[in-house]
Amino acid sequence: MAERGTGPDFIEALARGLHVLKIFSPDRPVMSLSEVAKETDLARPTARRILLTLEELGYVRSGHSGYTLTPRVLELGMAYIGALNLWDMARPHLEELVSHTGESSSMAQLDGSDIVYVARVAVPKLIALRVDIGTRFPALVTSQGRVLLAALSPESARAVLDEPSRSGLSTRDYTPSQIDDLLAETRERGWALADQDLAPGVRSIAVPVRDGHGVVRAAMNVTVHAAETSVETLTDKYLPLLLDAAAATTTDWAEWQRRPIEAAPRNSERKVV
């Protein structure tokens, strides 16, 4: 069911349209009208109008098997990434890091109890999970998620983790004391390790990326196959390189925040042509 707002300006039709877009997934890339209506708890005529509108706007296409998303949906996420200039700032440092390690590296941000990937440089590896920009994983079982959660106060982290994951993945349960200990350890050492917590064979290490005010805004990681790369290699060899890449990205972020912003001209200053 689509999220329901409480404010007087809440537009339910818009919320329903966004909800329809969000129900498509790698496991269900094609859905019939009946399936969309059932998944969103909408009446068939309502679901049909929403799908036809999204099709006319270019966000979905219809075929014999049902409806699918189109690449235009990526514009919605890339508008956010572009607004923060994340990809432009992180890309050269991720690329340099990957050239030294030979392993994939990514940057993610926290969204509720999940992380969402916002930048990535990948190398061909037989890793258990496919990751792209926009991929969502439960935060607590990932190295990046632990770094981002550790940047919050214990109270804020618990509140965030009370939100249900929207990743569609089931993970192990942690007791409150285990969560507190895990995040306290991450805060103390300044980095996090996830050793096959997300999926068998997936091992990663992550560090925070800060903005010009020192606020943790993202996390950067190196991901390896557990059968090929030991924990010691991650911590002794890759971690220093990862810290350098994150620091360089933080420096660029600070410079970007200090950029001069030209004020828009007042109406009286605009030329009439």
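Whatever comes next refers back to the structure up there.
### Brief notes about helix α2 (residues 33–40)
Line of reasoning, step 1. Those residues of α2 that fall on the buried side of the exposure criterion are Leu33, Val36, Ala37 and Thr40. Here the buried residues of α2 occupy an arc of 95 degrees about the axis, which is enough to place them on one side.
Line of reasoning, step 2. Positive backbone phi, approximately 60 degrees, marks Asp41, located one or two places after α2.

### Observations regarding the packing of aromatic side chains
Line of reasoning, step 1. A complete count under the given rule lists one aromatic pair for this structure.
Line of reasoning, step 2. Ring geometry for Tyr117 against Phe137: centres 5.9 Å apart, planes inclined by 90 degrees, an arrangement best described as edge-to-face. Of this pair, Tyr117 sits in strand β4 (residues 114–121) while Phe137 is found in strand β5 (residues 136–138), placing the two residues 20 residues apart along the sequence.
Line of reasoning, step 3. In this structure Tyr117 comes out as buried when scored by relative accessible area, which is 6%.
Line of reasoning, step 4. Stacked on the ring of Tyr59, the Lys or Arg Arg72 has its end atom at 5.4 Å from the ring centre.
Line of reasoning, step 5. Across from the ring centre of Trp191, 3.9 Å away, lies the NZ or CZ of Arg189, which sits over that ring.

### Quick look at the pairing of strand β8 (residues 216–225)
Line of reasoning, step 1. Most of β8 sits inside the fold, with seven of its ten residues counted as buried.
Line of reasoning, step 2. Direction of pairing for strand β3 (residues 104–111) relative to β8: antiparallel, over a ladder of five bridges. Looking at the pairing, Ser106 lines up with Asn221 of β8.
Line of reasoning, step 3. Hairpin geometry of strand β7 (residues 202–210) and β8 is characterised by an intervening segment of five residues between the two adjacent antiparallel strands and by a positive phi of about 85 degrees at Gly214.

Rules used in this analysis
- Residues numbered from 1 in each chain as written.
- Predicted model: local features only at pLDDT ≥ 70, side-chain atom pairs only at ≥ 80, totals over all residues.
- Heavy atoms only, no water.
- Buried < 20%, exposed > 50% of the residue type's maximum accessible area, 1.4 Å probe, protein only.
- Helix = DSSP H or I, 4+ residues; strand = E, 2+ residues; numbered from the N terminus.
- Arc of directions from axis to C-beta.
- Phe/Tyr/Trp six-rings, centres within 6.5 Å; stacked < 30°, edge-to-face > 60°.
- Lys NZ or Arg CZ within 6 Å of the ring centre and 35° of its normal.
- Pairing = 2+ DSSP bridges.

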